[in-house]
Amino acid sequence: QVQLVESGGGLVQAGGSLTLSCVASVSDFKIYTMAWYRRAPGKQVDLVALIANDYGTTYADSVKDRFTISRDNAKNTAYLQMNSLRFEDTAVYYCYAKLNRREFWGRGTQVTVSS
């Protein structure tokens, strides 16, 4: 069973920055697709950013040019660098891992942006 542990959430003022980290308890992290999703209050879970095992990335339009997803295979860790944060970025952020048809989720970390 894969365990994903997020960290780095918190309270930040609009315009500020945060970096989220996700450590995965797997022995072959480099072959997993990793992603970050978020659930804003009263809304559904949406994809924020994804990084494939070949380092190809995908971003939601709302975060392009502000957020950067990356991975360090040596540390079994995926990151989400969030800059120029906006009030509407307030959400619980979830780490996600996928290998073939197997999907795994972290418990989430709260990001709150004050306006």
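Colleague: Just to check I follow, could you spell out the pattern of salt bridges for this structure?
Modeller: Oppositely charged side chains can form a pair if their charged atoms are brought close together. As enumerated under the stated definition, the model contains three salt bridges in all. Here D89 ties to R38 by a salt bridge, and the two come within 3.0 Å at their closest N and O atoms. Of this pair, D89 sits in the loop between β8 (77-82) and β9 (91-99) while R38 sits in strand β4 (residues 33-39), and the two are 51 residues apart along the sequence. With a relative accessible area of 1%, D89 lands in the buried category.

Colleague: So what exactly am I meant to see when it comes to the sheet that holds strand β3 (residues 18-24) here?
Modeller: Ordered in space as β1-β3-β8-β7, the four strands form an open sheet in which the pairing is antiparallel. The sheet is open, and its two edges are formed by β1 (4-7) and β7 (67-72), each paired on a single side. If you compare each strand with its neighbour and ignore which way they point, the axes differ by 15 degrees on average. Across six bridges, the pairing between β7 and β8 is antiparallel. By the bridge assignment, D72 is partnered in β8 with T77.

Colleague: How should I be thinking about the environment of G10 in this particular structure?
Modeller: Counting through the fold element by element, G10 comes out in strand β2 (residues 10-13). The exposure class assigned to G10 is partly exposed, which follows from its relative accessible area of 24%. Separated by 103 residues in the primary sequence, G10 and V113 place their C-alpha atoms 8.4 Å from one another. Once residues within four sequence positions are removed from consideration, G10 is found in contact with L18, Q110, V111 and T112.

Cut-offs used in this document
- Residues numbered from 1 in each chain as written.
- Predicted model: local features only at pLDDT ≥ 70, side-chain atom pairs only at ≥ 80, totals over all residues.
- Heavy atoms only, no water.
- Salt bridge = Lys/Arg side-chain N within 4 Å of Asp/Glu carboxyl O.
- Helix = DSSP H or I, 4+ residues; strand = E, 2+ residues; numbered from the N terminus.
- Buried < 20%, exposed > 50% of the residue type's maximum accessible area, 1.4 Å probe, protein only.
- Pairing = 2+ DSSP bridges.
- Axes fitted to C-alpha atoms, helices over the stretch in contact; angles between N-to-C directions.
- Contact = heavy atoms within 4.5 Å.

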